[in-house]
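Take a look at the letters that make up each chain.
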Amino acid sequence: VHVMCYSAKILEQMALDGMDTATVSLDTLMVASLFHDIGKCFVPDEILKKRQPLTKSEQRFIVRHPMDSARILKQRFDEKIVEIARNHHERLDGSGYPGLIGDEISVEARMIGVADSFDAMTTDRGYNRQMGCLEAAEELYALKDRYDRRVTGALLTLARSGALEEIRKGDGSARP
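Given the structure is predicted, the values throughout are model-derived calculations rather than measurements. (Residues numbered from 1 in each chain as written. Predicted model: local features only at pLDDT ≥ 70, side-chain atom pairs only at ≥ 80, totals over all residues. Heavy atoms only, no water.)

(A) Seen up close, the overall build of the chain. Looking only at helices and strands, one finds nine helices and zero strands in the chain. Each helix and strand of the chain, ordered N terminal to C terminal, gives the series α-α-α-α-α-α-α-α-α. Scaling as 2.2 N^0.38, a compact globule of 176 residues should have a C-alpha radius of gyration of about 16 Å, and the chain matches this with 15 Å. Across its three principal directions, the C-alpha atoms of the chain cover 45 × 35 × 30 Å. Taking all 176 residues of the chain together, the buried fraction comes to 47%. Within the chain, contacts between residues at least 6 apart in sequence are counted, and of these 57% link residues at least 24 apart. Accessible surface, the chain: about 9,200 Å² in total, of which carbon and sulfur atoms supply 51%. Across the chain, 25 positive and 28 negative side-chain charges occur, with their mean positions spaced 5 Å apart. (Helix = DSSP H or I, 4+ residues; strand = E, 2+ residues; numbered from the N terminus. Rg over C-alpha atoms; globule rule 2.2 N^0.38 Å. Buried < 20%, exposed > 50% of the residue type's maximum accessible area, 1.4 Å probe, protein only. Contact = heavy atoms within 4.5 Å. Areas by Shrake-Rupley, 256 points an atom, 1.4 Å probe, with all protein chains shown as cover. Lys, Arg positive; Asp, Glu negative; His and termini not counted. Charge placed at Lys NZ, Arg CZ, Asp CG, Glu CD.)

(B) How the structure looks around the pattern of salt bridges. The full count for this structure, using the stated rule, is 12 salt bridges. Measuring nitrogen to oxygen at the nearest pair gives 3.0 Å for the salt bridge that ties Arg71 to Asp68. Of this pair, Arg71 and Asp68 are both found in helix α4 (residues 56-73), three residues apart, which corresponds to roughly one turn of the helix. When its relative accessible area of 44% is taken as the criterion, Arg71 is described as partly exposed. Among the ionic contacts, a cluster of salt bridges with common partners joins Asp103, Arg110, Asp148 and Arg150. (Salt bridge = Lys/Arg side-chain N within 4 Å of Asp/Glu carboxyl O.)

(C) Looking closely at the side chain of Asp68. With a relative accessible area of 7%, Asp68 lands in the buried category. Among the polar contacts made by the side chain of Asp68, one reaches the side chain of Arg71 at a distance of 3.0 Å. Apart from the residues within four sequence positions on either side, Asp68 is in contact with Gly39 and Phe42. (Polar contact = N/O pair within 3.5 Å; in protein donor to acceptor, adjacent residues only side chain to side chain.)

(D) Spatial organisation of the side chain of His65. In this structure, His65 sits in helix α4. Among the polar contacts made by the side chain of His65, one reaches the side chain of His89 at a distance of 3.4 Å. Dropping the residues within four chain positions of it, His65 is found in contact with Asp37, Gly39, Lys40, Val43, His88, His89 and Tyr97.

(E) Focus on helix α5 (residues 79-86). Where α5 is concerned, the buried positions are Ile81, Val82, Glu83, Ile84 and Ala85. Where α5 is buried, its residues contact α2 (26-35), α4 and α6 (107-121).

(F) Seen up close, the nonpolar core. Membership of the largest hydrophobic core comes to 43 residues, with the highest contact counts inside it found for Ile10, Met111, Phe118, Leu155 and Leu164. Discounting chain neighbours no more than four positions away, the residues touching Leu155 are Ile10, Val114, Phe118, Ala137, Leu140 and Leu164. (Core = buried A, V, L, I, M, F, W, Y, C linked by side-chain atoms within 4.5 Å.)

(G) Structural view of the packing of aromatic side chains. Applying the stated criterion to the full structure yields two aromatic pairs. On the basis of an interplanar angle of 90 degrees and a centroid distance of 4.9 Å, the ring pair of Tyr6 and Phe118 is categorised as edge-to-face. Here the residue Tyr6 occupies a position in helix α1 (residues 2-16), and Phe118 occupies one in helix α6, the gap between them amounting to 112 residues. Judged by its relative accessible area of 0%, Tyr6 falls in the buried class. (Phe/Tyr/Trp six-rings, centres within 6.5 Å; stacked < 30°, edge-to-face > 60°.)

(H) Up close: unusual backbone geometry. Residues Tyr97 and Pro98 are joined by a peptide bond in cis, for which omega reads 15 degrees. Summarising the element assignment, Pro98 is placed in the loop between α5 and α6.

(I) Spatial organisation of the packing of α1 against helix α8 (residues 149-161). Two numbers describe how α1 lies on α8: the axes approach to 9 Å, and their chain directions differ by 100 degrees. Taken as axis vectors, α1 and α8 run roughly perpendicular relative to one another. Mapping the contact onto sequence places Lys9, Ile10, Gln13 and Met14 in α1 and Arg150, Val151, Ala154, Leu155, Thr157 and Leu158 in α8. For the contact of α1 with α8, the per-class residue count stands at six nonpolar, two polar and two charged. (Axes fitted to C-alpha atoms, helices over the stretch in contact; angles between N-to-C directions. Parallel < 35°, antiparallel > 145°, perpendicular 65-115°, else oblique. Nonpolar A, V, L, I, M, F, W, Y, C, P; charged D, E, K, R; others polar.)

This is how it looks when you write it as structure tokens:
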């Protein structure tokens, strides 16, 4: 739910910043962001909860989850939602997975990718150092080769304004 709320806030901020978001459907973005990680249901709990670095075999489960998400979502949702969920771990420089680069990645997948990364960075997952909202947003903004600057710029604006704190705290007041 946090990723969905962050995605909605990013879309709203991008529109406020004057970016053309007319092609982005809020409904499509919300559904894709809510179910983007559903493929993790095939990843064993011991891998998801592991606090040490993953082995290559364990990493394969993680890398496969966007494709599993797409396979599950394809049974109930349209191709756009499937595509966004499948590509939420893609990075502009090609370092993501399953293997797209630059303009091959939809703006919605870029938004959810940033929201998902931000959520991971600001949540205690056991395998990372939990960051504050501003620190995480600044780090993502600095990674201009991996993340869309329009998206991370909107996130940074939101972090500076304090608009992401309610979502991170999970009080539910900031839900779309």
